[in-house]
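Residue-level structural notes
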Amino acid sequence: MDTIKNDMKKYWSQRVEKFSLLRQREFASEKHEQWLAELDRYFPPGRKLDILDIGTGTGFLAFLLAERGHHVTGIDLTPDMIMKAKKIAGRLELSVDFFVMDAEKPDFSPASFDAIVTRKLTWALPNLPLAYQTWHKLLRPGGILVNFDADYCREKPAAVPSHHAHQDVSTGLMQEYERMKNVLRPCQKPRPQWDTELLLQAGFSNIAIDNGIWQRVYTKIDEFYDPTPGFAISATA
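Here's a quick rundown of the structure. Throughout, residues of each chain are indexed from 1 in the direction in which the sequence is written. Confidence filtering applies because this is a predicted model: local features only for residues at pLDDT of at least 70, side-chain atom pairs given and counted only at 80 or more, and all residues used for totals across whole chains, interfaces and linings. Computation of side-chain values: all heavy atoms of the structure, hydrogens and water removed.

1. So, the side chain of E155
Basically, it comes down to this: For helices the rule is a DSSP run of H or I covering at least 4 residues; for strands it is a run of E covering at least 2, with both sets numbered from the N terminus onward. Nitrogen and oxygen atoms within 3.5 Å of one another constitute a polar contact, given that in protein one can donate a hydrogen and the other can accept it, and given that sequence-neighbouring residues count only through two side-chain atoms. Note on definitions: a residue-residue contact is assigned when non-hydrogen atoms from the two residues lie within 4.5 Å.
In this fold, E155 is placed in the loop between strand 5 (139-150) and helix 6 (171-184). A polar atom in the side chain of E155 sits 2.4 Å from the side chain of T228. The residues touching E155, leaving out its near neighbours within four places in the chain, are Y177, K181 and T228.

2. Here we look at the side chain of R23
Looking at the secondary structure, you find R23 in helix 1 (residues 2-27). Apart from the residues within four sequence positions on either side, R23 is in contact with T58, F60 and R119.

3. Looking at the pairing of strand 2 (residues 71-76)
Convention followed: Under the scheme applied here, a residue whose accessible area is under 20% of the maximum for its type counts as buried, over 50% as exposed, and between as partly exposed, the area being computed with a 1.4 Å probe on protein chains only. Here, a strand pair is defined by DSSP locating no fewer than two bridges between the strands. Note on handedness: a clockwise path from strand one over the helix to strand two, with the strands aimed away from the viewer, defines a right-handed crossover.
The element strand 2 is largely enclosed, with a buried count of five among its six residues. By the bridge criterion, five bridges tie strand 1 (residues 50-54) to strand 2 in an arrangement that is parallel. Bridge pairing in strand 2 links I54 to I75. Taken together, strand 1, helix 3 (residues 60-67) and strand 2 constitute a β-α-β crossover, and its handedness is right-handed. Pairing between strand 2 and strand 3 (residues 96-100): five bridges, direction parallel.

And the structure:
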């Protein structure tokens, strides 16, 4: 499955400029407070945590968590994304450690983090069972994993509004996106039910699924709108 990872890296390298600008606009919009409210459900203010943001992209979640005073590390497979994230961190004057790493096998010592977060990443991993097993080892006892995602490999083609998160993506890149989903789909079962199975197998407990997050965050159709129903799944190491 190294081929699909290389394809993903190439795809996101081509999207990095517009994606970065979109995320910066999102950070400056009302979505800033909406996403902070979602994160506060899992990380109440008052305790400073070591948090790993996997598939950080250009650092959106990492910056929100750093704002709350947490020590945050962000990793992404795409070097161009990490380069952008570092530049944005400087402009925002937020301290986040960013590294280029494979989400399925991050290069950290066991029990390095109190929490792991990830947003719209796990649908794209060719070996999600391995990822969850590895992430469990990276968490300290009682640590929490919070995964915001959707079953993108099974999303149904539908008429989308004029405003949505992919509105600036070229036809060629959208075709590549669909091709990669077709490659990944046979490796996956319907989600998030499958995630629950995998998390239990990896040693997690207290697994909870929140299907209401997309309605809370995407309250209106704008340039950040995601028409695919998503979920948040949390679990304790």
